[in-house]
Amino acid sequence: MKLSATFIFLLATAPFIAKAENNDPPKKKKKGGYLIELPASLNTSNDSAKAITLFQASDLPFKPSIQVGAIVHMFASGEQTGFGTPSNDKTAKDWNKGFSIYRARVLVGGQLTKKASFFMETEIPSPIGIQSNGEKNVKVSPIILDAQLEYTFTNAFQLVAGMQLVSNNRNGLQGAAGLMANDFTYFQYPYNLFANSPLQGNFGRDLGINARGFLANDKLEYRLGVFTGRNVDGGAPLRTVGRVAYNFLDAEKDYYYAGTKLGNGKTLAWAAGFDAQATYYNLSTDVFFDHPLGNAGSITVNAAFQYMTGGTKLDSKYSFATLIPKQTVQFLELGYYFKKTKLQPWIRYENQDVSAEAAQAGTVKPANFDKMNSSTVMGGGLNYFFNGTGTNLRLSYTTRTYNVATATADDYTKKTFGQLWLQAQFFIF
């Protein structure tokens, strides 16, 4: 009976686990390290009661420890009907208004042994309060969003197993608590958000095993994992995701990256990554810069580029050809944090440029297919940080521009629709 490559890998590493438990523990992490949604660089709490000693000293009896937290995003919003469903109809310009709870997560993390830790997180699968078929959505059952076990063999080699955030780019690996803009980008993992998406994701999560480590005085980070991805019959090839990042200034060891650091530290990171399964592949590169600029505060720049395609092979049940067209994605965020007033204005630009092959467009003309599936997002906003990531308020206005078909055959016109959010965040840990 043949063993899977993954099982053989686990079997081979098992003898090292007991040995690793007796090694000297790694250096202490910063406070709040159990709840990995919060990057360590953003935890500015001085509350000694929250101090957590990770990887306790080897000369003391080990005692497992646990930490619980919660993150909530709620907002008042106005959105034109065409923002999500573009059309030339006059009603597409009508504004829908309401109040919603967008995220409501309970986070649990803890230390199991000197080398092993866990993280779990719940989420509501759809916003509470959004109008649906004329009725408010008020009854939402929470789901398990993250459920992962991390084992640190050495600083250069760690394994993370379970349901976890999966991406080959920085924005897709950011924590919701540390965003600079009002939300994640639209196109950084557009095919892994839901169970019915091509990669059958769970809000960017997937099930699998991920290796991670730090080299060159912690300046170089690598991630390489295998995940379930799209699974139509149990026989599909595994999804493979990898990423290499180099930090030219401060080392950055967070599992969930920060979208802005509010003047804490000096970061210049460049990275490249890939995401592949069967005929699908995604190649990306990104740059992140966060650094004090002048006496007033600090600047944040986050830029990325991706090329992805589902291939053109149509004679395989594992093909992504008709699910993911060939395209490029460009992304840019720019913000400045004023440390005295605790204000941060920001702007964002995103562009999804589809250039599908004939095999990917089906019965639609490729030129028309490209226009129908390409769009541009632009927006900006102003954040006020009452208490850093703990409590903040975000006002934003975002537009999305589409090519909308007219009454004339093969003719399209550009239409732009708006979205206004006033969002409050609280994160307790």
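None of these values were measured; they are calculated from a predicted model.

Visitor: How do you make sense of the overall build of the protein when you look at a structure like this?
Guide: Regarding its fold elements, the protein presents three helices and 18 strands. A fraction of 63% describes how many contacts in the protein between residues 6 or more apart in sequence connect residues 24 or more apart.

Visitor: Looking at this structure, I do not really get the confidence of the model for the protein. What am I missing?
Guide: Here the protein shows a mean pLDDT of 89. Residues at 70 or above account for 88%. Confidence drops under pLDDT 50 across residues 1-32; counting only partners more than four residues distant or on other chains, this segment forms 44 contacts. In this model, residues 47-55 is a region of pLDDT below 50 whose contacts with residues beyond four sequence positions or in other chains number 24 contacts.

Visitor: Is there a simple way to explain the environment of threonine 406 in this structure?
Guide: In this fold, threonine 406 is placed in the loop between strand E17 (391-405) and strand E18 (412-428). Residues within four places of threonine 406 in sequence aside, it is in contact with Asn88, Asp411, Tyr412 and Thr413. Polar side-chain contacts of threonine 406 include one of 2.8 Å to the side chain of aspartate 411.

Visitor: What is the right way to look at helix H3 (residues 366-373) in this model?
Guide: An α-helix turns once every 3.6 residues. As a result, residues three or four positions apart point the same way. Taken as a whole, H3 has its buried residues at Asn368, Phe369 and Asp370. Summarising the contacts, the buried residues of H3 are in contact with strand E15 (343-354), helix H2 (358-361) and E18.

Visitor: What exactly am I supposed to notice about the pairing of strand E12 (residues 280-293) here?
Guide: Regular strands place side chains that alternate from one sheet face to the opposite one. Two elements, strand E11 (residues 267-277) and E12, share eleven bridges in a ladder whose sense is antiparallel. Bridge pairing in E12 places phenylalanine 274 opposite leucine 283. Joining the antiparallel neighbours E11 and E12 is a turn of two residues, in which alanine 278 adopts a positive phi near 50 degrees. Examined bridge by bridge, E12 and strand E13 (residues 297-309) share 13 bridges and lie antiparallel to one another. Within the sheet, the bridge partner assigned to threonine 285 lies in E13 and is phenylalanine 305. As consecutive antiparallel partners, E12 and E13 are separated by three residues, and within that stretch glycine 294 has a phi angle of approximately 75 degrees, a positive value.

The rules behind each value
- Residues numbered from 1 in each chain as written.
- Predicted model: local features only at pLDDT ≥ 70, side-chain atom pairs only at ≥ 80, totals over all residues.
- Heavy atoms only, no water.
- Helix = DSSP H or I, 4+ residues; strand = E, 2+ residues; numbered from the N terminus.
- Contact = heavy atoms within 4.5 Å.
- pLDDT = per-residue confidence, 0-100.
- Polar contact = N/O pair within 3.5 Å; in protein donor to acceptor, adjacent residues only side chain to side chain.
- Buried < 20%, exposed > 50% of the residue type's maximum accessible area, 1.4 Å probe, protein only.
- Pairing = 2+ DSSP bridges.

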